[in-house]
Amino acid sequence: MITQLTPPAFTKSIVALSIISATALQADVATADALPLKPLVVTATSTPLEAADTLASVTVITREEINAQQAQEMSELLAAQPGVDISSNGGYGKANSVYMRGASAESTKFLLDGIPLYSATSGGAPFENIPTSLIDRLEIVRGPKATLYGADAVGGVIQAFLPEAGDEKQLDVSIGGGSFDTKTADATLSGASNHSQYLLSVGSFKTDGDIIKEGEGEQGYENENLLLNLGHKFASGARISGLIMNSEGRNHYVGDENDYQVQVIGLGVSVPVLEDWDTELKLSQTRNESTTLSSGDKYDTKTQTARWSNTIWSGEHEFVVGAETSEDRIEVTRYQAPNRRNEAAFAQSLFDFGSTSLQLNIRQDHNSAYGDSTTGGIAAGYKLDEIHTVRASYGKAFEAPTFNDLYYPNSGDPTLKATKSETLELGIRADHEAMFWDAAVFDASYGDMVIWSNYTGSWAAYNVDSKVQGVELASGITLDQWQLRAAFTWLDAKDQDTGFQLPKRAQRSARFSADRLFDKGQAGITLLGATGRATTLGSAETLTGYVTMNVRASYDFATDWKAEISVKNALDKSYQTAKGYFNPGRGVFLTLNYSAF
């Protein structure tokens with residue numbers, strides 16, 4: 001059941017942001033050449049819309065921001081974004097759990113160019129094995145999106161878009177190195193000819209890593225990656241595209257090491273059937289494999305998906321209808337489990353009545369293990385003026401337990417129920433020419449959430465009913481040569497029956513970044529902070545909060561040449577986001593980039 005939520009922090013924040021908004025017009029005048037801060041968002045509705053028109057809480061991280069931050073891992077880009085929390089087993093290829101709005105990590109849906117990517121055994125996405133060099137853009141959509149993307153889109157959706165070729169031939173090469181004996185190399189060749197585009201990218205990342213557990217040595221990580229992205233557009237407007245992405249290597253962790261492979265193969269065809277009707281078919285196969293070297297234990301997930309969607313326009317209104325089918329096949333050394341199939345049909349309506357907009361969603365899923373599930377959602381928005389938009393939404397979602405939850409020896413439970421959620425959200429967004437701010441308050445109920453805990457005496461998977469309430473704030477401004485971004489999250493996530501805090505979720509987190517642009521380069525800083533978090537459900541033990549700082553600079557020292565330097569964890573803060581696992585200490589890294597053609 002949804003309850004009322006009106007924390008004082010939200011009211012005070014709205015007042016503060018309103019004051020900023022009232023003075024932002026002066027900033028608009030002073031920044032005529034400012035970078036646009038009204039990004040188009042695809043993930044929220046599956047079609048491109050400006051952020052304010054999506055009626056959702058969204059964050060967009062562009063290629064320019066990714067380059068500016070010199071991010072080595074996706075966790076650097078996601079950490080402390082509004083509504084997002086990360087628990088890491090030590091950094092540099094170690095397992096990352098990404099929580100959105102207090103839901104389980106398995107309830108965060110991850111898409112790679114629209115293709116679902118996850119492990120059917122553990123449930124989580126392999127964020128730690130997706131090289132940032134292959135990410136052209138990130139979109140974070142908070143709140144339930146099961147009506148579009150099916151099971152697991154409970155807390156939200158994160159979509160990474162792969163780079164595509166431009167109209168001109170381009171060659172980009174980079175080499176780098178630094179602390180922990182880290183070595184990197186990447187090369188990308190792209191171009192277009194006769195309405196065909198191609199992009200080929202290869203890369204390597206190797207590091208000895210840092211000491212992540214007391215009394216243990218350094219834990220290294222190796223990755224080699226490849227991306228081939230092809231496309232052709234016909235005179236009729238139809239387009240065919242295909243991609244192959246492969247990321248593989250070896251991960252050293254406390255007590256052992258494993259070989260891993262993450263592979264995505266996709267084929268897409270889009271056709272303009274009529275002037276106001278587009279249809280698209282996307283076929284994909286993903287593989288997420290891990291093999292422990294000492295024991296030979298294997299966890300191999302293969303997922304095949306076919307998705308057909310149609311977008312129809314009627315005046316200012318838009319309608320999306322489609323169907324989707326998927327199958328998970330696993331090969332696991334420790335247990336046997338049946339294949340799991342899911343068939344679904346979905347529909348979405350976007351109504352534009354001028355100042356008022358309305359979104360309706362419905363989806364019917366049939367899961368071979370859990371039967372039928374119907375999810376729905378409704379959202380409404382109202383433009384107070386050309387700058388401010390208020391929104392309200394309500395949505396349902398579900399998540400099926402993972403194969404590990406059900407069948408892992410001596411701790412899985414085949415009788416576990418699927419998680420079902422309800423979320424209510426209120427928000428407001430202001431978009432100026434050179435500045436934006438967004439505030440959202442939400443109340444979510446996650447019925448039968450699956451949590452692993454030993455609070456009853458044995459380590460096992462349990463169903464618990466949880467209640468989560470939160471406030472999310474985000475703002476960005478471009479002023480003269482300065483680019484500033486800020487985010488804050490307040491979260492209260494509890495087991496509804498016992499009152500215990502849900503583990504590994506910080507109650508408060510914040511992120512601030514500032515970049516100064518120069519004629520031939522830029523310099524920047526990012527501050528991340530979080531309060532303490534419970535280690536396990538029912539435990540009084542809490543991990544200490546922390547503040548970290550990353551600094552960076554780049555310089556275009558010659559035509560087509562650029563040098564970069566970054567200092568990660570510049571304060572050399574010793575901190576944990578998962579019990580017993582320290583994140584890497586201070587690291588200094590240098591990168592040399594060359595672009596041709």
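Report on the accompanying structure. (Residues numbered from 1 in each chain as written. Predicted model: local features only at pLDDT ≥ 70, side-chain atom pairs only at ≥ 80, totals over all residues. Heavy atoms only, no water.)

**Side note on the overall build of the protein chain**
Summing up its helical and strand segments, the protein chain has five helices and 35 strands in all. For 597 residues, the compact-globule formula gives about 25 Å, and the C-alpha radius of gyration of the protein chain, at 23 Å, lands near that figure. Each principal axis of the C-alpha atoms in the protein chain carries an extent, and together these give about 65 × 55 × 55 Å. Out of the 597 residues in the protein chain, the part that is buried amounts to 53%. In the protein chain, once contacts between residues fewer than 6 apart in sequence are set aside, the share between residues at least 24 apart is 59%. Accessible surface computed for the protein chain: about 25200 Å², of which carbon and sulfur atoms make up 55%. When the 48 positive and 74 negative side-chain charges of the protein chain are each reduced to one mean point, those points stand 3 Å apart. (Helix = DSSP H or I, 4+ residues; strand = E, 2+ residues; numbered from the N terminus. Rg over C-alpha atoms; globule rule 2.2 N^0.38 Å. Buried < 20%, exposed > 50% of the residue type's maximum accessible area, 1.4 Å probe, protein only. Contact = heavy atoms within 4.5 Å. Areas by Shrake-Rupley, 256 points an atom, 1.4 Å probe, with all protein chains shown as cover. Lys, Arg positive; Asp, Glu negative; His and termini not counted. Charge placed at Lys NZ, Arg CZ, Asp CG, Glu CD.)

**Here we look at the pattern of salt bridges**
Tallied over the entire structure, the rule returns 29 salt bridges. For the salt bridge of R391 with D438, the shortest nitrogen-to-oxygen distance reads 3.0 Å. With R391 in strand β22 (residues 388-399) and D438 in strand β24 (residues 435-453), this pair connects stretches of sequence that are 47 residues apart. Judged on exposure class, the residue R391 and its partner D438 are both buried. Across the salt bridge formed by R429 and D438, the nearest N and O atoms sit 3.9 Å from each other. Residue R429 is classed as buried on the basis of its relative accessible area, which comes to 4%. When its relative accessible area of 5% is taken as the criterion, D438 is described as buried. Bridged by salt links that share partners, the residues R101, R142, R391, E425, R429, D431, D438 and E472 form one connected network. (Salt bridge = Lys/Arg side-chain N within 4 Å of Asp/Glu carboxyl O.)

**Digging into the sheet that holds strand β3 (residues 57-61)**
Pairing is mixed in the open sheet, where five strands are placed in the order β3-β8-β9-β6-β7. Pairing within the sheet leaves two strands with one partner each, and these edge strands are β3 and β7 (115-116). Two elements, strand β6 (residues 108-112) and strand β9 (residues 156-161), share five bridges in a ladder whose sense is parallel. Residue pairing in the sheet places L111 in a bridge with Q159 of β9. (Pairing = 2+ DSSP bridges.)

**Details of a negative patch on the surface**
Side chains of D208, E218, E222, E224 and E248 sit close together on the surface and give a patch of like negative charge. On the secondary structure map, E218 appears in the loop between β12 (196-207) and β13 (221-233). Using a relative accessible area of 48% as the deciding quantity, one classes E218 as partly exposed. (Patch = residues over 30% accessible without salt bridge, like charges linked within 9 Å, V, L, I, M, F, W, Y side chains within 5 Å.)

**A word on the side chain of S393**
On the secondary structure map, S393 appears in strand β22. For S393, a relative accessible area of 17% translates into the label buried. Not counting chain neighbours up to four residues away, the residues in contact with S393 comprise I378, A379, T423, L424 and E425.

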